[in-house]
Structures are given as C-alpha cells and as structure tokens.
Amino acid sequence: MSVANLLRQLSGRHQIDGEQVRGAGAARTPVIDPATEEVIGEILEATPAEVDAAVKVANAAQQRWNKVNYHRRAELLHEAAQAMRQARPVIAEMLTREMGKPYKESADEVTWSATATDYYAEIARHEAGKLLGPVVDGQFHFTTKEPLGVVVIILPFNYPLCLLCWEAAAAIACGNAVIIKPSDLTTLTTLKFVEAFAMLLPGLVQVLAGGASVGKQLVTHPDTHMVAFTGGIETGRWVAQTCAGLYKRSLIETSGNDPFIVMPSAPLDVAARGAAFGAYLNCGQVCAAAERFYVHAAVYDEFVARLIEETRKVRVGNGLDPVDMGPLASQRELRRFTAILQRAKDEGIRTAIGGGRPAGFERGWFVEPTVLIDVPSGAAIMNDESFGPVAPVSKVASFDEAITLANRSRYGLGATLYTRDLDEAMRAVNELEAGMVWVNAPLLDNDAGPFGGRKQSGMGRQLGSEGLDTFRHTKLAMIDPAAHAHDFWWFPYSDAEAFPRSGER
C-alpha cells in the first residue's frame, strides 16, 4: 500500500485495546503536508468515553504485563525494535509527509527509536533493586523496583517517534502500560509506528488522537498514574501543577534557548559547520537547538563569515527531495516564527543572510536559514525560544562573559562550547547551568546518558538509568527470618534509659 493510501486509511482512528478503531468523535482536524499544503488525512478528537475505555483497558493490561518476567519483556521489546527497523522506509516517508523534516532525518529518528528500545529492553532487567547491609543481626534488607501503573505520554511534533520510545520503552520495560497522546501534526505516523509493538499484550500501548482536551482528560484521570510531557512551557507548567495537586508523578520537558559559545582556540571551520547544524537541524525545531551564539571578539568576524558560508550551502525544499532542511511543520509555526524574525528586524538587528521565503517556493511553509549579527545580549531573540532556523550572534570579550550570558536565561536544557582549551572545557562542564553540556560535539544524544533540563526547561530525566527510574517506584523491604523480639527498642523501655529524676543527675 502506498504511503498516501496509508495516511488516508489511518485517518480518524485511535489505537485502543490492540486494534485501530474508527473514532466516535465529531471534531475533525485536517492533516496537511507542510511542503505542499495538500490535505493528506484527518484526525478525530477522542471522546471522553473513548478516553475512559482506553484507561480501563490500560490498567487491565498493566496488571497482566507486570506478571511477565524481565527476560520475556526484553525478548518482546527486542522484537519491537526489529519491527521498527523493518518498517523504517514507510515510517520515514510518512513522517516526512506529515511534518516536513528531510527523509534522512525521519529515517534516523526511526533508528534512534529502535536503539532506545533495545537499550531499555536490557537495562531494565540489569537492576531491579539492591541488597542493603542490615542494621540488625540476622535480618535481610533490600529494595525492589515496581511499575507506576498507567503512564500518559504527551508528545510534540518535532521528534514524535524518538521521544515516544525514550519514554514508552522505559515505561514498558519497567512493567507499565502507556497511553500516547501524539501531536495533531504527527498522529497518523504515530498510529502506524506503534504497530511495531503488536507482539506485546493488547492494550499495553494505546494511542488517542486529539488536542488539548484529550490531554487534559488523561492528565486528570484518576486511573492514570504518571504523565510524561514534552511541549510548550505554559502547558508544561499546567501539567506539573496539576500532577502535583494529584500527587501524580510527572516528567516535564518544556523548551530551551541553548547557548553556543565559540572561543579563539576553536577550529573555526568545524565550529561553523557545527553551528549551522545546531541551528538548522529539523528546520530549527529542536528543543536543544543552538539558539543564541556568543563568539569571542578575536574570532568573531571570521566565524560569522564562515557561518554565513555554511548557511548558504543549506539546501531547502521538500523533505522527499535531496535537501538538508524542509519546511516548518505547520502554518501556525510559520506565522509564529515569522513574527519572531520581524520583531528582531523592528529592534534594528541586522540580517546577514536569509530572513525570508526561499525563492521558487509558491506553496509550503518554507523559510530560509537565517543569520543575525551584532545582536545585543538583551534582545528578545536571545532570551526566548525561537524554535526555527535562525542563528543570532553576539560578540563577547572573554570566556567569563560568555558563561555569564549563557547562564542568564530562564532555560537550562543544553549548551555547546567550541574550544581546544582544556581549562575552558572543564569550566564549561562545571559552570554552565544546563542539563547537558556539549564540548565540540553539538546536540549528540546517548541512550545510556540522561537527557533533560534545569530551570524552566523542565524536570526529570529521560534515557540512561535515570530515565528508567523515572517510571518506577522503589520499595524498601526488611525481613527478620527468625521473627526475633526486638527488645533493643520495643516496650517496655528500660528504667536506665528514662529521664533522670531529681537527685539522680
């Protein structure tokens, strides 16, 4: 079946209890190819009854799944990872048609999803608790790890599959069930992608289409037990506050405004290429994208010239063609980003290259990769998330100034430094207020290393062992096999330990 037909077939559906079912709701949203502006499908808003049904099914499936041993869970998750790899060409084309990223980036995302699933298949059974040194002779003290129950995963459009697996694979490996609420911009691809989990128990992985109302029902539902949210800062704050009021655990990742520092010892040709990649990957729609550049005065002019040259090389177009950068994901994203560039222009910031619509594109939500130069550190674009293909560059006089400006932000997701100075590298690791620090290696992820931010970039971690414990309870157990009397601290307390009476002190 062609991808176009698959998109139509999946339109209006949810994944409930192991089946793709036609939604009962009336609220419809068209799915539009951002490169052509053609309607390629539609989604139906899940009804409250469908939400309740999915939650009930998830709880029943989770109870059965939690009884499955870790070795069997690992085998099944490895099968899921292999199914992802086998479906990669179809999934990648669907993702490119639905949200616009180049086919290579879509295919890479499927691969990253599979590696994360393989990783959690193994690490979940590596450590399920630990033995403690007892505080009483002859006793046995230990901890166990238990699932939370039903995990709600609310996803953004920019990396809908990768983030799904960072969270769902960890949650499932721990014994949880998951209900996924995808972005309205990537719902159809998500429905096809979760077919990779078909070997798991029915109802263990479900997908409910829709917008904010569906997300709110899932967050507040009394029979969901955790929420993993990636998205905007205001919605993330609501999710965190709501979960706190319900004593429901949450994982929150809410945007970034990552600094990119270039010092005199850096290899400027490499740094400029890294900067262009960090700013324009996925059309700049990356939470950890390089969004504000602080370049030492000694190399500022040369770096800017090289960055402009690298920007000029970026091929823009339909992600199904040989290109480096596709369109923004939606018309609303185009309007939002265009307003950001217009504000910079109104503030008198100079555009060195880009800033408009690429020549020859009459349709599609395309923008040019853009370099802004001599940007004041207090400019709005240096302090708010742009989430688009723009590199605003500021000049700094010293490493200390760069660190100070980098930390002067409400965000703290990632940070990049280019330098060959070991002292600067180590200071950056120790002093930058961010969840990740990349020295000469921008935007890399590692399944074995935690991903997450500080400040208003969110709380909690994905990936690594930290990402596994995000989805588990830890229970302490103490056993006295012989059931001894604990006279060393039980009643009656000894007279010798009582407060001294008058005349006995």
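## Focus: the sheet that holds strand β6 (residues 140-147)
Two pairing modes exist for strands in a sheet, parallel and antiparallel, and in both the strands are linked by backbone hydrogen bonds.
Link 1 in the chain: Spatially, the 3 strands line up as an open sheet ordered β5-β6-β22, and their pairing is antiparallel. Bordering the open sheet on either side are β5 (129-132) and β22 (472-479), each of which pairs with just one other strand. The mean inter-strand angle of the sheet, taken between neighbouring strand axes irrespective of direction, is 20°.
Link 2 in the chain: As defined by bridge partners, β6 adjoins β22 across 8 bridges and the pair is classed as antiparallel. Among the inter-strand pairings, F140 is bridged to a residue of β22, identified as I479.

## As for the sheet that holds strand β12 (residues 258-262)
Link 1 in the chain: Strand order in the open sheet formed by 7 strands is β14-β15-β16-β13-β12-β18-β19, and the pairing between neighbours is mixed. Taken across any chain shown, the strands that pair with only one partner, and hence form the sheet edges, are β14 (350-353) and β19 (436-439). Within the sheet, the average angular offset between the axes of one strand and its neighbour, ignoring direction, is 25°.
Link 2 in the chain: Bridging between strand β15 (residues 370-373) and strand β16 (residues 390-396) involves 3 bridges; their strand directions are parallel. Looking across to β16, one finds that L372 is bridged to P392.
Link 3 in the chain: Together, β12, β13 (290-296), β16 and β18 (414-418) form the strand contacts of helix α13 (residues 399-407), whose direction differs from that of β13 by roughly 160°.

## Let's talk about the environment of T470
Link 1 in the chain: Among the structural elements, T470 can be located in the loop between α15 (464-469) and β22.
Link 2 in the chain: Each C-alpha atom, one on T470 and one on P327, is 34 Å from the other, the two residues being 143 residues apart in sequence.
Link 3 in the chain: In this view, T470 contacts L148, M226, R249, L251 and R461; residues no more than four positions away in its chain are not counted.
Link 4 in the chain: Here E466 takes part through its backbone oxygen, which lies 3.1 Å from a polar atom of the side chain of T470.

## Thoughts on the nonpolar core
Link 1 in the chain: Counting 99 residues, the largest nonpolar core has Y120, L164, I172, F197, L208 and F471 as its most contacted members.
Link 2 in the chain: The dominant element in this core, judged by the number of residues it contributes, is helix α6 (residues 160-173), at 12 residues.
Link 3 in the chain: Not counting chain neighbours up to four residues away, the residues in contact with I172 comprise W65, R73, L77, V178, F197, L200, L204 and V205.
Link 4 in the chain: Counting residues in hydrophobic clusters, the runner-up holds 59 residues, among them A271, A272, L341 and V371.

Basis of the calculations
- Each chain has its residues counted from 1, following the order in which its sequence is written.
- This being a predicted model, a pLDDT of at least 70 is required before a residue's local features are given, and a value of 80 or more before pairs of side-chain atoms are given or counted; all residues contribute to the totals for chains, interfaces and linings.
- No hydrogens and no water enter the side-chain calculation; it runs on all heavy atoms of the structure.
- Think of it this way: DSSP has to see at least two bridges between two strands before they count as a pair.
- Only runs of H or I of at least four residues qualify as helices and only runs of E of at least two qualify as strands under DSSP, and these elements are numbered from the N terminus.
- Angles run from 0 to 180 degrees between N-to-C directions of axes, and those axes are lines fitted to C-alpha atoms, restricted for helices to the stretch in contact.
- For this analysis, residues touch if any pair of their heavy atoms sits within 4.5 Å.
- Nitrogen and oxygen atoms within 3.5 Å of one another constitute a polar contact, given that in protein one can donate a hydrogen and the other can accept it, and given that sequence-neighbouring residues count only through two side-chain atoms.
- Residues belong to one nonpolar core when they are buried, are Ala, Val, Leu, Ile, Met, Phe, Trp, Tyr or Cys, and are joined through side-chain atoms within 4.5 Å.
- We call a residue buried when its accessible area falls under 20% of the maximum for its residue type, exposed when it is over 50%, and partly exposed in between, using a 1.4 Å probe and counting protein chains only.

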